Amino acid sequence: MIHKRHFIIGLVLLLPIFITNAVQSPISAQGATAIRVSPTSASLAQNTTVALYIIVENVTDLFDVSLNISFDPTKLSIIDANPGKAGIQIDHGGFISPDHEAVNEVNGDRIIYRVAVLPPSPAGNGNGVLAKVTFLGITQGTSHITVGAVLKDSEGNLISHTSHPGLSLIHI
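These numbers come from a predicted model, not from an experiment.

Participant: I tried to follow the nonpolar core on my own but got confused; where do I start?
Facilitator: A general tendency of soluble globular proteins is for nonpolar side chains to be buried together. Ranked by internal contacts, the top residues of the largest apolar core, which has 35 residues, are Ile54, Leu62, Leu67, Ile69, Leu130, Val133 and Phe135. Secondary structure elements with two or more residues in this core: strand S1 (34–38), strand S3 (49–62), strand S4 (64–70), strand S5 (76–78), strand S8 (110–116), strand S9 (124–137) and strand S10 (142–152). Excluding its chain neighbours within four sequence positions, the residues that come into contact with Ile54 are Ile35, Arg36, Val37, Leu67, Ile69, Gly128, Val129, Leu130, Ala131, Val133 and Val147.

Participant: Mind showing me how you'd approach empty space enclosed by the protein here?
Facilitator: To find leftover empty space, a probe the size of one water molecule is rolled over the atoms. Under the defined criterion, the tally for this structure stands at 1 cavity of 30 Å³ or more. Quantified by volume, the largest cavity comes out at close to 40 Å³. For the largest cavity, the full set of lining residues is Val65, His92, Gly93, Gly94, Phe95, Ile96, Pro98, Tyr113, Val115, Val129 and Leu130. Sorting the residues of the lining of the largest cavity by element identifies S8 and S9 as the ones contributing at least two each. Looking at the lining of the largest cavity, its residues break down into 8 nonpolar, 3 polar and no charged.

Participant: Just to check I follow, could you spell out the pairing of S9 for this structure?
Facilitator: In this structure, S3 lies alongside S9, joined through 10 bridges in antiparallel fashion. Looking at the pairing, Ala51 lines up with Thr134 of S9. One ladder, built from 3 bridges, connects S5 with S9; its direction is antiparallel. Bridged to Leu76 within S9 is Gly137. Strand direction decides the pairing type here: strand S6 (residues 91–92) and S9, joined by 2 bridges, are antiparallel. Residue pairing in the sheet places Asp91 in a bridge with Lys132 of S9.

Participant: What is the right way to look at the side chain of Ser70 in this model?
Facilitator: In this fold, Ser70 is placed in strand S4. One polar contact links Ser70 to Thr146, side chain to side chain, over a distance of 2.4 Å.

Participant: Where do I start with the pattern of salt bridges in this structure?
Facilitator: Side-chain pairs of opposite charge can arise where the charged atoms are in close proximity. Inspection of the entire model under this criterion finds 4 salt bridges. Notably, a salt bridge pairs Arg36 with Glu57, separated by 2.5 Å at the nearest N-O pair. Here Arg36, found in strand S1, pairs with Glu57, found in strand S3; they are 21 residues apart in sequence, far enough to count as distant. Asp91 is the salt-bridge partner of Lys132, the closest N and O atoms lying 3.9 Å from each other. Placement of the pair is Lys132 in strand S9 and Asp91 in strand S6, with a sequence separation of 41 residues. Asp91 sits in the partly exposed class, given a relative accessible area of 26%.

Participant: Can you walk me through unusual backbone geometry in this structure?
Facilitator: Leaving glycine aside, a negative phi is the common case for residues, and trans is the common case for peptide bonds. Across the junction of Ser38 and Pro39, the peptide omega takes the value 0°, indicating a cis bond. Checked against the element boundaries, Pro39 lands in the loop between S1 and strand S2 (41–43). In the segment running from Pro119 into Pro120, the intervening peptide bond is cis, with an omega of 10°. Following the sequence through the fold, Pro120 ends up in the loop between S8 and S9. Of note, the phi angle at Asn58 is positive, near 60°, even though the residue is not glycine. With respect to the helices and strands, the residue Asn58 is situated in strand S3. Even without glycine at this site, Asp61 takes up a positive phi of about 60°. Among the structural elements, Asp61 can be located in strand S3. Among the residues examined, Asp61 registers a relative accessible area of 23% and is labelled partly exposed.

About the thresholds
Residues numbered from 1 in each chain as written. Predicted model: local features only at pLDDT ≥ 70, side-chain atom pairs only at ≥ 80, totals over all residues. Heavy atoms only, no water. Core = buried A, V, L, I, M, F, W, Y, C linked by side-chain atoms within 4.5 Å. Buried < 20%, exposed > 50% of the residue type's maximum accessible area, 1.4 Å probe, protein only. Helix = DSSP H or I, 4+ residues; strand = E, 2+ residues; numbered from the N terminus. Contact = heavy atoms within 4.5 Å. 1 Å grid on protein atoms, 1.4 Å probe; cavity = no way out; pocket = protein on both sides within 12 Å on 5 of 7 lines; lining within 4 Å. Points joined across faces, edges and corners; volume = space filled by probe spheres on them. Nonpolar A, V, L, I, M, F, W, Y, C, P; charged D, E, K, R; others polar. Pairing = 2+ DSSP bridges. Polar contact = N/O pair within 3.5 Å; in protein donor to acceptor, adjacent residues only side chain to side chain. Salt bridge = Lys/Arg side-chain N within 4 Å of Asp/Glu carboxyl O.

Here is the structure:
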């Protein structure tokens, strides 16, 4: 009987905390920073292209973007965004105007992209396209594309974010 009373007292004391957290969580999540890709899936014929956009939403004080994108190079190749420069690069998305491009290269099955805004240039705030990748379908099959992102503010602090969905499928 004592155990039952302790359980009921504990439940009565903790129930308001659970209810408060359940009600507040969706509200705070609405304004959270998120990374998503568009489109999340696509079908294309061999030797045709599709553009994949990496989009940030609800960001504040964005100064540094690092993207690591993986794909299947036996199914897809990357259309070079800057043929006048050595190597293969992807497009800047236009959301921020990078003053410094640390890395923009395709290496095997990975795209490594890192750009930064330097003061006094303005930070990225709100929603926009971080980068654009144009894929060329080279052989039949499906390629899974994953996007990892690290975002930093003007002080070099990590900006917490979620990925929605973080995966794109391209069917050839």
